[in-house]
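Reading the structure
Here is how the chains run, residue by residue.
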Amino acid sequence: MQEEQALLQRAKQGDQAAFGQLVARYEKQVYHQALRLLGQAEDAGDVTQEVFFKAWRGLPSFQGDSTLSTWLYRLTGNAAIDLLRREGKRRGEVSLDDEAGGWDNRLASPDDPPERALEREDLKRAVAWGLSQLSLEHRQVLVLREINGASYEQIGQVLDLPPGTVKSRVARARLALARLLREAGYGP
């Protein structure tokens, strides 16, 4: 954490190499969050570039009231929403096939028999489909909470919501996803 703070201070003073190290540290997280929100690799790449461009420009005014990762989550969410509004896109396919797939990592085991691996792939597709059917509001909180592992407080900072509102949105989003998956034939 101290190393990150030192990099952050150097980057705030215009040190591009320090900023490059911060980008390298957070680039995958930003990209994967954008990919899950947008569903298209090209769009996620564009948003990732936009986020780090905005971060570079905004570093001098970054006060550190939140962690750098929380600030980047907020920038990513806002950039993804802006892109969706700008291009008028509606709930595309969401990919959970990337290497940092949080749910996938929790579902996978190298010792799984082949039938379990097939079940896991089927479940990943079902969850990706279910996420794509949710409202952007619900998709955002689930991606941040369940995939990125953000705390309720962090999500509240990203979305500018009180923690109680975040908890209720996460609960409603989980119920909505469960209902969609049940209606599609997954689960009891």
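Residues numbered from 1 in each chain as written. Predicted model: local features only at pLDDT ≥ 70, side-chain atom pairs only at ≥ 80, totals over all residues. Heavy atoms only, no water.

**Some thoughts on the packing of aromatic side chains**
How two aromatic rings sit relative to each other is given by the distance of their centres and the angle of their planes. Counted under the stated rule, the structure contains 2 aromatic pairs. The interplanar angle of 55° and the centroid separation of 5.0 Å between the aromatic rings of Phe19 and Trp56 together place this pair among those described as tilted. Of this pair, Phe19 sits in helix α2 (residues 16–38) while Trp56 sits in helix α3 (residues 41–58); the two residues are 37 residues apart in sequence, bridging distant segments of the chain. Where Phe62 meets Trp71, the ring centres are 4.6 Å apart and the plane angle is 25°; that geometry is what we call stacked. Among the residues examined, Phe62 registers a relative accessible area of 7% and is labelled buried. (Phe/Tyr/Trp six-rings, centres within 6.5 Å; stacked < 30°, edge-to-face > 60°. Helix = DSSP H or I, 4+ residues; strand = E, 2+ residues; numbered from the N terminus. Buried < 20%, exposed > 50% of the residue type's maximum accessible area, 1.4 Å probe, protein only.)

**Things to note about helix α1 (residues 2–12)**
Turning to α1, its buried residues are Glu4, Leu7, Leu8 and Ala11. The arc that holds the buried residues of α1, viewed along the axis, is 100°, so those residues lie on one side. Within two residues after α1, Gly14 carries a phi angle of roughly 100°, on the positive side. (Arc of directions from axis to C-beta.)

**Quick notes on the packing of helix α7 (residues 136–147) against helix α9 (residues 163–183)**
One way to put it is that α7 packs onto α9 with a least axis distance of 9 Å and a crossing angle of 100°. With respect to α9, the axis of α7 lies roughly perpendicular. Contacts from Glu137, His138, Val141, Leu142, Arg145 and Glu146 in α7 reach Arg169, Val170, Arg172, Ala173, Arg174, Ala176 and Leu177 in α9. Along the lines of polarity and charge, the residues of the contact of α7 with α9 split into 6 nonpolar, 1 polar and 6 charged. (Axes fitted to C-alpha atoms, helices over the stretch in contact; angles between N-to-C directions. Parallel < 35°, antiparallel > 145°, perpendicular 65-115°, else oblique. Contact = heavy atoms within 4.5 Å. Nonpolar A, V, L, I, M, F, W, Y, C, P; charged D, E, K, R; others polar.)

**A short note on the packing of α2 against α7**
The interhelical angle for the contact between α2 and α7, taken along N-to-C directions, is 145°, at an axis separation of 10 Å. For the element pair α2 and α7, the recorded crossing hand is right-handed. Across the interface between the two elements, Gln33, Arg36 and Leu37 of α2 pack against Leu136, Arg139, Gln140, Val143, Leu144 and Ile147 of α7. A breakdown of the residues in the contact of α2 with α7 according to their chemical character gives 5 nonpolar, 2 polar and 2 charged. (Left-handed = near helix turned anticlockwise from the far one by under 90°.)

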